[in-house]
2 protein chains.
Amino acid sequence: MSEFGFTLLAADGAARRGRIATAHGTVETPAFMPVGTAGTVKGMLPGAVAETGAEILLGNTYHLMLRPGAERVERLGGLHRMMGWNRPILTDSGGFQVMSLTGLRKLTEDAVIFRSHIDGSEHVLSPERSIEIQRMLDADITMALDECTPHPATREQTAASLALSMRWAARSKSAFTRRPGYGLFGIVQGGVYLDLRSQSVADLTEIGFDGYAIGGLAVGEGQETMFAVLDHTAPLLPADRPRYLMGVGTPADLVGAAMRGIDMFDCVMPTRSGRTGQAFTRRGKLNIRNARHQDDPRPLDADCRCPACRQFGRAYLHHLHRAEEMLGPILLTWHNLTYYQDLMAGLRAAIEDGRLAEFAVAFAAEQGLGDIERL
Amino acid sequence: MSEFGFTLLAADGAARRGRIATAHGTVETPAFMPVGTAGTVKGMLPGAVAETGAEILLGNTYHLMLRPGAERVERLGGLHRMMGWNRPILTDSGGFQVMSLTGLRKLTEDAVIFRSHIDGSEHVLSPERSIEIQRMLDADITMALDECTPHPATREQTAASLALSMRWAARSKSAFTRRPGYGLFGIVQGGVYLDLRSQSVADLTEIGFDGYAIGGLAVGEGQETMFAVLDHTAPLLPADRPRYLMGVGTPADLVGAAMRGIDMFDCVMPTRSGRTGQAFTRRGKLNIRNARHQDDPRPLDADCRCPACRQFGRAYLHHLHRAEEMLGPILLTWHNLTYYQDLMAGLRAAIEDGRLAEFAVAFAAEQGLGDIERL
């Protein structure tokens, strides 16, 4: 089994074209990771997810630890085997979901204590337990447990939260058992305070991780602020390690962040939006439930290779969503994931060819984004 | 375009191995038609339905006339084109669903007047309108509109209902415009009264149809009574036309009915059961939601070729159904449809080879059916 690692293949400005090697294969970057919350990308067979071009999935520690349970997943041979996905998997630490359980959780220096949203049972998630769970899931990439600082937060609140996250990062590193092909990522916090972001990078690189995530963004601060944080933070990170922007985002977010040197992304947007009838296309977003589609025989996106666009028209997709037929969410999820993966493939090719600036201009034009300076 | 027709290829006792030619291709019989209620087999892409071995689908006139509307389907090029299924389609007349709307409908000599379950709007379904809708849907096989006699019903009630159905059958025939490759089926009614069944067959053959359905069974009369009605009725039907047993049934129903000379079946059982976690297997039925499956890595059915059985274990399928993940219903639907189609393929091969009796014995044994005499 090969060592876990990152190879930088090409650069265009701050943007990077790379390759991550893991126990379950390689990932071309910039990469978008579909979210497979509870051991499944909702509505998609693993083979269909691979067909979209995805090379790595994200699994949610919080959901999987509660159901079917980390020990059970381990007995079943790990998450890859259980869900029939033989390529790389990154798991989050569980922290983000647990911290979102307002009223159901208690945070201490040692751990976060919370009640399951499924059956109300009490659970304790510490850095050590999070790492143990992710090992049982057999994640190729394990995330350190951190506190997700709420937004907005004062500088003092953010600094205190960051300090706890950095202590937990060190504990996560100690708890992580190195195995060939498996990597551990630390998470840069610090909110919108650039000096705290610098402090966080210094703390994490001192501990030493196989990759670095940027957390606490896309939580309401706005794209401009997010890009400002990336402009400041990304250059501070080690060039020989992958950089992962957590929970982001819109197609424009991905293009802008890749231009700032981000290598990895995850977001529920393509899957969740697909289930509610929102489609991302080469002409911008549309809602297929809108009555204007009810007699339209044209495909969602004439340039798309997915089954929703190759086999069906908008009128039919509209009908499926109005009739609440399962095939509606299935097809729009498939389409949105294909759109996202094709966007990433376009970014990778543009970086390789040194034409990322032109790519971004064309992208902004087709999306009807007036102010391409923002990307 | 070839003529609509039925070719009898082989027989084994009363059982028939045949082929139906339609405008959209041929159907090997005995055949099972998955139900695509509202223009989709729930949770399945058309290509996946074809992979299971299905050659013909059933569409529901009632659902399609209300949403997306027959005129709209016609504008979109017909049901095949709209839903991406280029093989034969049979549509029901709408009568069964409309008659099931207790309290919302009124039956007259001319038509049935009912209110939509979707928006409460009033609609009129006459034999002429049903035939017109099915033409707009572009059904390869159109069903005459009849009254579905409730069960239980007295002989008098059944006779009166039958008489109306036979008058409607004649009106359906008059309203049907003959086109090459398109056929019209009449429906034998008469409940559990064998002399009324004989009368119905005489009336329908006098009118003349391209195929004959047997309706009003599997409504609570029990398998033994159903088989008795088939034993009486099937031999009365013209040998050169396909025979369709409507809304049936369990795997054992299909085997027993095929042995009695039935060529076509439809039922929501494999799809609806799949969505609620019921799986049909070569060892009988199981409910994947049952806790005994939660740690079981074995496939649902080791001899099945479907993705649910080839790629996943019972523990994972259990998890998907418990977590109410869409992939759970998708996979069990896929499995059940594959099981049903493989059963039909087995029946066809057994009839061809003149070993249907042995096939039925083996089927009853693997299903744990003690009393194979009943089949």
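Residues numbered from 1 in each chain as written. Chains lettered and ligands numbered in written order. Predicted model: local features only at pLDDT ≥ 70, side-chain atom pairs only at ≥ 80, totals over all residues.

Put simply, the second copy of the chain is the first one after a rotation about an axis and a shift along it. The operation relating chain A to chain B is a screw motion whose rotation component is 180°, with 0.0 Å of axial translation and a residual RMSD of 0.0 Å. On this basis, the relationship between the two copies can be described by a two-fold rotation axis. The position closest to the rotation axis in chain A is occupied by the C-alpha of Met-326 of chain A, lying 3.9 Å away. (Least-squares fit on C-alpha atoms with pLDDT ≥ 70 in both.)

With that out of the way, let us pick up the sheet that holds strand E3 (residues 25–29) of chain B. Residues and elements named next belong to chain B. As summarised here, the arrangement of the 3 strands in space is E1-E2-E3, forming an open sheet in which the pairing is antiparallel. Of all strands in the sheet, those with a lone pairing partner are strand E1 (5–12) and E3, marking the two edges. Averaged over neighbouring strand pairs, the angle between their axes works out to 15° when direction is ignored. Two strands pair when backbone bridges link them, and E1 and strand E2 (residues 15–22) are joined in this way by 7 bridges, in the antiparallel orientation. Among the inter-strand pairings, Ala-10 is bridged to a residue of E2, identified as Arg-17. (Pairing = 2+ DSSP bridges. Helix = DSSP H or I, 4+ residues; strand = E, 2+ residues; numbered from the N terminus. Axes fitted to C-alpha atoms, helices over the stretch in contact; angles between N-to-C directions.)

It is worth spelling out the interface of chain A and chain B at this point. Facing the 30 residues of chain A at the interface are 30 residues of chain B. Among the secondary structure elements, those contributing two or more residues to the side of chain A that touches chain B are helix H3 (70–75), helix H4 (79–83), helix H12 (307–311), helix H13 (314–322) and helix H14 (327–352) of chain A. In terms of residue count, the dominant contributor to the side of chain A that touches chain B is H13 of chain A (5 residues). Residues that form the side of chain A that touches chain B fall into these classes: 16 nonpolar, 7 polar and 7 charged. (Contact = placed C-beta atoms within 7 Å. Nonpolar A, V, L, I, M, F, W, Y, C, P; charged D, E, K, R; others polar.)

Looking now at unusual backbone geometry. Of the consecutive residues Val-248 of chain A and Gly-249 of chain A, the connecting peptide bond is found in the cis state with omega at 0°. Mapped onto the secondary structure, Gly-249 of chain A falls in the loop between strand E14 (243–245) and helix H10 (251–259). Of note in the backbone geometry, Asp-138 of chain B takes a positive phi value of approximately 75° without being a glycine. The class of Asp-138 of chain B is buried, set by 22 C-beta atoms lying within 10 Å. Even without being glycine, Ala-218 of chain B reaches a positive phi, approximately 55°. As for its position among the elements, Ala-218 of chain B is in the loop between strand E13 (211–214) and helix H9 (223–233). Of the residues examined, Ala-218 of chain B has 20 C-beta atoms within 10 Å and is grouped as buried. (Buried ≥ 20, exposed ≤ 12 C-beta atoms within 10 Å, placed from the backbone.)

Residue and element names in this part refer to chain B. The N-to-C vectors of helix H8 (residues 194–207) and H9 enclose an angle of 45°; their axes lie 10 Å apart at closest approach. As the angle between them shows, H8 and H9 are arranged oblique. The two elements H8 and H9 cross, and the hand of that crossing is right-handed. Counted together, Leu-194, Arg-197 and Val-201 of H8 and Val-229, His-232 and Thr-233 of H9 form the full contact between these two elements. (Parallel < 35°, antiparallel > 145°, perpendicular 65-115°, else oblique. Left-handed = near helix turned anticlockwise from the far one by under 90°.)

Residues and elements named next belong to chain A. In terms of domains, chain A is made up of domain 1 (5–267) and domain 2 (274–374). Each of domain 1 and domain 2 has a C-alpha centre, and the two are 26 Å apart. Domain 1 puts 27 residues into the contact, and the matching count from domain 2 is 25 residues. Elements with a minimum of two residues in the side of domain 1 that touches domain 2: strand E1 (5–12), strand E2 (15–22), strand E4 (31–33), helix H1 (46–52), helix H9 (223–233) and H10. Taken together, the residues of the side of domain 1 that touches domain 2 break down into 16 nonpolar, 5 polar and 6 charged. (Domains from an automatic or database assignment.)

Here Gly-208 of chain A shows up in the loop between helix H8 (194–207) and strand E13 (211–214). Sequence separation between Gly-208 of chain A and Ala-169 of chain A is 39 residues, and the spatial gap between their C-alpha atoms is 9.8 Å.

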